[in-house]
Amino acid sequence: FLADECCDALVTRTLRDAGYDVLSILETMPGTVDDDVLKRAFQETRVVLTEDRDFCELVFRDRKQTRGIILIRIPDNQRQEKAMRILALVTSYADAVQDAMTTLTVKSIRIRSLFEKPQLPEV
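Residues numbered from 1 in each chain as written. Predicted model: local features only at pLDDT ≥ 70, side-chain atom pairs only at ≥ 80, totals over all residues. Heavy atoms only, no water.

Peer 1: Outline the nonpolar core, supporting the account with residue identities and numerical values.
Peer 2: Of all hydrophobic cores here, the largest spans 16 residues; its most connected members are Phe 1, Val 11, Leu 15, Leu 49, Ile 70, Ile 72 and Ile 86. Secondary structure elements with two or more residues in this core: α1 (9-17), β4 (69-72) and α5 (79-93). Among the elements that line this core, the one with the most residues is α5, at three residues. In this structure Leu 49 touches Phe 1, Leu 2, Ala 3, Asp 4, Cys 7, Val 11, Leu 15, Val 22, Ile 70 and Ile 86, once residues within four positions along its chain are discounted. Ranked by size, the runner-up nonpolar core spans 14 residues in total, among them Ile 25, Ala 41, Val 59 and Leu 71. (Core = buried A, V, L, I, M, F, W, Y, C linked by side-chain atoms within 4.5 Å. Buried < 20%, exposed > 50% of the residue type's maximum accessible area, 1.4 Å probe, protein only. Helix = DSSP H or I, 4+ residues; strand = E, 2+ residues; numbered from the N terminus. Contact = heavy atoms within 4.5 Å.)

Okay, structure coming up:
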């Protein structure tokens, strides 16, 4: 995973403590623009963890390449819940979040594939 600068540090720490490889922009390259974060994540085959909806625009509007994005939409006053929800998500759906746009809220998980599945011919 590649945690965007706005991603809660507790999320990063929780995933690392569970054994996940999480690179943090805040720790390694603070101030990096979103486009460069997305490029690095793609080059390193990492799913972006973010709380910033601008990444959705880069992928859907500007057609930027990605290995996946997890958009965390849980309020800052629920930090512990946020960390536990993201851990449950990646533990249960690790393969599904690859090459997908995932939105995580307190009550729901929405995973949308970024690639169209080919239509099978009718027989």
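Picking up where we left off.
Peer 1: Kindly report on the environment of Val 47, identifying the contributing residues and their values.
Peer 2: Among the structural elements, Val 47 can be located in the loop between α3 (34-43) and β3 (48-50). The spacing of Val 47 and Val 97 is 50 residues in sequence and 7.6 Å in space, taken between C-alpha atoms. Excluding its chain neighbours within four sequence positions, the residues that come into contact with Val 47 are Phe 1, Leu 2, Arg 67, Gly 68, Ile 69, Ile 70, Val 97 and Gln 98.

Peer 1: Please give an account of the sheet that holds strand β2 (residues 23-24) that cites residues and values.
Peer 2: Two pairing modes exist for strands in a sheet, parallel and antiparallel, and in both the strands are linked by backbone hydrogen bonds. Taking strand neighbours across the sheet as the criterion, the six strands line up as β2-β1-β3-β4-β5-β6 in an open arrangement whose pairing is mixed. If you trace the sheet from one side to the other, it starts and ends with β2 and β6 (109-113), each paired once. Bridging between strand β1 (residues 2-3) and β2 involves two bridges; their strand directions are parallel. Within β2, the position partnered with Ala 3 by the bridge is Ser 24. (Pairing = 2+ DSSP bridges.)

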